[in-house]
Amino acid sequence: MRIGIGHDTHRLEPGGPLRLGGVEIPHDRHAVGHSDADVLLHAVVDALLGAAALGDIGQMFPDTDPANRDRDSAEMVHAARDAIAAVGLRVVNIDCIVHAQRPRLLAHRQMIRTRIADMLHIEPECVGLKGKTAEGLGPVGQQEAIVAQCVCLLDER
Ligand code: MG
């Protein structure tokens with residue numbers, strides 16, 4: 001078995017919706033980035049690649065490559081899943097934290113879990129997802145940034 005960790009941060013700017021976990025969430029801010037800026041999926045990709053020691057999302061999808069502009073991050077998750085499959089590994093489970101002052105994640109949690117599970121070819125019960133505010137402190141608390149973390153467990157196919 002192999003474990004991996006992923007972490008990502010994106011800047012928030014006025015105007016929604018917020019793309020998170022492959023789902024468009026109604027919100028008054030959106031994340032800014034070269035791709036679709038899905039902070040949660042980026043953390044998932046890095047956790048998968050890290051567990052298999054296959055580098056990171058920046059190597060696989062360089063932000064200097066125009067092909068990656070506005071890219072759907074679900075494609076990145078599919079690519080990471082296929083990369084670990086190519087070396088004989090599969091996802092057992094993942095566990096994620098989204099750090100955001102707003103919006104509250106609870107109303108969207110099931111949809112996001114199902115969406116990510118579909119991308120990884122696992123059951124929603126194998127996708128943990130928690131939301132945390134920052135108690136109003138720092139860039140997350142001031143709604144200037146959104147942060148995501150993910151750990152994953154892989155085993156041999
Ligand atoms: Mg990112």
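Residues numbered from 1 in each chain as written. Predicted model: local features only at pLDDT ≥ 70, side-chain atom pairs only at ≥ 80, totals over all residues. Heavy atoms only, no water.

A. A look at the environment of Gly55. Examined against the element boundaries, Gly55 turns out to sit in the loop between α1 (39–51) and α2 (57–60). On the basis of relative accessibility, which here comes to 32%, the residue Gly55 falls in the partly exposed class. For the pair Gly55 and Val147, spaced 92 residues apart in sequence, the C-alpha separation works out to 20 Å. Residues within four places of Gly55 in sequence aside, it is in contact with Leu49 and Gly50. (Helix = DSSP H or I, 4+ residues; strand = E, 2+ residues; numbered from the N terminus. Buried < 20%, exposed > 50% of the residue type's maximum accessible area, 1.4 Å probe, protein only. Contact = heavy atoms within 4.5 Å.)

B. Seen up close, the pattern of salt bridges. Applying the stated criterion to the full structure yields 9 salt bridges. A salt bridge links Glu75 to Arg71; its shortest N-O distance comes to 2.6 Å. The partner of Asp82 in a salt bridge is Arg81, with the nearest N and O atoms 3.1 Å apart. With a relative accessible area of 43%, Asp82 lands in the partly exposed category. Each of Arg19, Glu24, Asp36 and Asp72 takes part in one network of salt bridges that share partners. (Salt bridge = Lys/Arg side-chain N within 4 Å of Asp/Glu carboxyl O.)

C. Region of interest: helix α3 (residues 73–86). The end-to-end C-alpha separation of α3 is 20 Å, in line with the 20 Å expected for 14 residues at 1.5 Å each. Taken together, the buried positions of α3 are occupied by Ser73, Ala74, Met76, Val77, Ala80, Arg81, Ala83 and Ile84. Phi turns positive, to about 85°, at Gly88, one or two residues after α3. (Expected span 1.5 Å × (residues − 1).)

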